[in-house]
Amino acid sequence: LLGDAKSDAAYEVRAASVLADARSASAFAKDRHIGVRICVAESFAAQKTKPAALALVELLAGESEACARWRMVDLLQQLSGLKHRLDARPWRDWANALADDWSGATAKPSEDGAAADKTVTFAGLPILSGHVCFVIDLSGSVWDANAQGKTPKQAIDEELRKTLAALGPEVEFNLIPYTSNPLPWEKSVVPANAKNVGRALDYFIGRRDTGKGNFWDALLLALEDPKVDTVVMFGDGAPTGGRRWNLGLMKQLFAEHNRFRRVVLNAVLADANKRNAKEWVEMCASSGGRVVEISLK
């Protein structure tokens, strides 16, 4: 079965082969599906040997998708304790210098040899993807005005305006605001050119929807687009609508849905309570994602 997996048309089968037997990982290093390649990267990182570290560096060197490249950098940083970024050359130097019997002991970095890459952010969260879907909660207090008469929705409008304008036409994006139901702007991601950015902003800024916050169905809709490799959720972190609202159970269900696809889930949490924030950190981390906490009060 493992031998036949490489030629199987279903990426799920190919990813499952990597997960089932780390020895098969190298055979899938150039797989056409990003999820399989990320599984390969994670397999190399988990082996914690010099040959696997070298293989992970070469995987980074040959990768074209931003989401996968940043995941590989994250894995290399965890293995090494170093802060190099997308340039494979310093990573190659590190891996070549490892002892032949190295088994994953992290060395203290002597210096930070990488300058910060310029990245677009959304409310402080780096957008490390070329195919991103923004899933934005419009329920609850997002419509409550502060003493100055400004609502959190207006703050979100401005953050989204800055982010979309900075993405560039080489990036593809979609918007799925949600209340009790998802409210997708497009059926799938489109280039972030001036025309599409203008249309997206008109759509989002004009939303006046209210209701409970059904995050799970919005997430599932985002995952229906095969191009999406990164989901960015913006909300208070407290799902209140739909069939799935328990974050403790949701994070397990997401991990199951995502174990072959390997979409990165990130979250911008606005005024979230500590318990919910912890659940989001764990759910996002299972995909290699990040959480940023802000206040809109």
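Our structure's up above, just so we're on the same page.
What you see is a predicted model; the values in this text were computed from it and never measured.

**Student:** Give a detailed account of helix 3 (residues 34–47), specifying residues and quantitative values.
**Tutor:** In this model helix 3 runs 20 Å from its N-terminal to its C-terminal C-alpha over 14 residues, within 8% of the 20 Å that 1.5 Å per residue would give. When you tally the buried positions in helix 3, you get 12 out of 14 residues, the bulk of the element. A positive phi of about 55° marks Lys-48, the residue just after helix 3.

**Student:** Can you tell me about the packing of helix 7 (residues 152–167) against helix 8 (residues 194–205), naming the residues and giving the values?
**Tutor:** In contact at an axis separation of 10 Å, helix 7 and helix 8 are set at 170° when each is read in the N-to-C sense. Judged by the inter-axis angle, helix 7 sits roughly antiparallel to helix 8. Side by side, helix 7 and helix 8 meet where Lys-153, Ile-156, Asp-157, Leu-160, Arg-161, Leu-164 and Ala-165 of the first sit next to Val-197, Ala-200, Leu-201, Phe-204 and Ile-205 of the second.

**Student:** Would you mind going over the environment of Ser-103 in detail, with residue names and values included?
**Tutor:** Mapped onto the secondary structure, Ser-103 falls in the loop between helix 6 (88–96) and strand 1 (121–122). Owing to a relative accessible area of 56%, Ser-103 belongs among the exposed residues under this scheme. In this structure, the C-alpha to C-alpha distance between Ser-103 and Leu-265, residues 162 residues apart in sequence, is 30 Å.

**Student:** Help me get a handle on unusual backbone geometry, residues and values and all.
**Tutor:** We note that Lys-48 has phi near 55°; this positive angle belongs to a residue other than glycine. With respect to the helices, strands and loops of the structure, Lys-48 is situated in the loop between helix 3 and helix 4 (50–62). A positive phi angle, near 55°, is found at Ala-123, a position not held by glycine. When you line up the elements, Ala-123 lands in the loop between strand 1 and strand 2 (125–126). The exposure class of Ala-123 is buried, given its relative accessible area of 11%.

**Student:** Can you explain the packing of aromatic side chains? Please cite residues and give values.
**Tutor:** Here a ring pair, both rings aromatic, is described through the centre-centre distance and the interplanar angle of the planes. Tallied over the full model, the rule gives 7 aromatic pairs. Seen from their ring centres, Trp-91 and Trp-94 are 6.1 Å apart, and the 85° between their planes marks the pair as edge-to-face. Within this pair, Trp-91 and its partner Trp-94 are both found in helix 6, separated by 3 residues, close to a single helical turn. With respect to burial, Trp-91 and Trp-94 carry one shared label: buried. A ring pair is formed by Phe-122 and Phe-134, whose centres lie 5.3 Å apart and whose planes are at 80°; its orientation type is edge-to-face. Of this pair, Phe-122 sits in strand 1 while Phe-134 is found in strand 3 (residues 131–137), placing the two residues 12 residues apart along the sequence. An identical accessibility class is assigned to Phe-122 and Phe-134; each is buried. Connected via pairs of aromatic rings, a cluster forms that spans Trp-91, Trp-94 and Trp-102. Here the basic side chain of Lys-153 rests over the ring of Phe-204, its NZ or CZ set 4.6 Å away from the ring centre.

**Student:** Hey, could you go over the pairing of strand 3 for me, with residue numbers and the actual values?
**Tutor:** For strand 3, the tally of buried residues reaches 7 of 7 residues, placing the bulk of the element in the interior. Burial along strand 3 is two-sided: His-131, Cys-133, Val-135 and Asp-137 and Val-132, Phe-134 and Ile-136, pointing in opposite directions, are all buried. With 7 bridges connecting them, strand 3 and strand 4 (residues 172–178) associate as parallel partners. By the bridge assignment, Ile-136 is partnered in strand 4 with Pro-177. Handedness of the strand 3-helix 7-strand 4 crossover: right-handed. As paired elements, strand 3 and strand 6 (residues 230–235) share 5 bridges and run parallel to each other. Bridging from a neighbouring strand, Val-135 pairs with Met-233 of strand 6.

Rules and cut-offs
- Residues numbered from 1 in each chain as written.
- Predicted model: local features only at pLDDT ≥ 70, side-chain atom pairs only at ≥ 80, totals over all residues.
- Heavy atoms only, no water.
- Helix = DSSP H or I, 4+ residues; strand = E, 2+ residues; numbered from the N terminus.
- Expected span 1.5 Å × (residues − 1).
- Buried < 20%, exposed > 50% of the residue type's maximum accessible area, 1.4 Å probe, protein only.
- Axes fitted to C-alpha atoms, helices over the stretch in contact; angles between N-to-C directions.
- Parallel < 35°, antiparallel > 145°, perpendicular 65-115°, else oblique.
- Contact = heavy atoms within 4.5 Å.
- Phe/Tyr/Trp six-rings, centres within 6.5 Å; stacked < 30°, edge-to-face > 60°.
- Lys NZ or Arg CZ within 6 Å of the ring centre and 35° of its normal.
- Pairing = 2+ DSSP bridges.
- Right-handed = clockwise from strand over helix to strand, strands pointing away.

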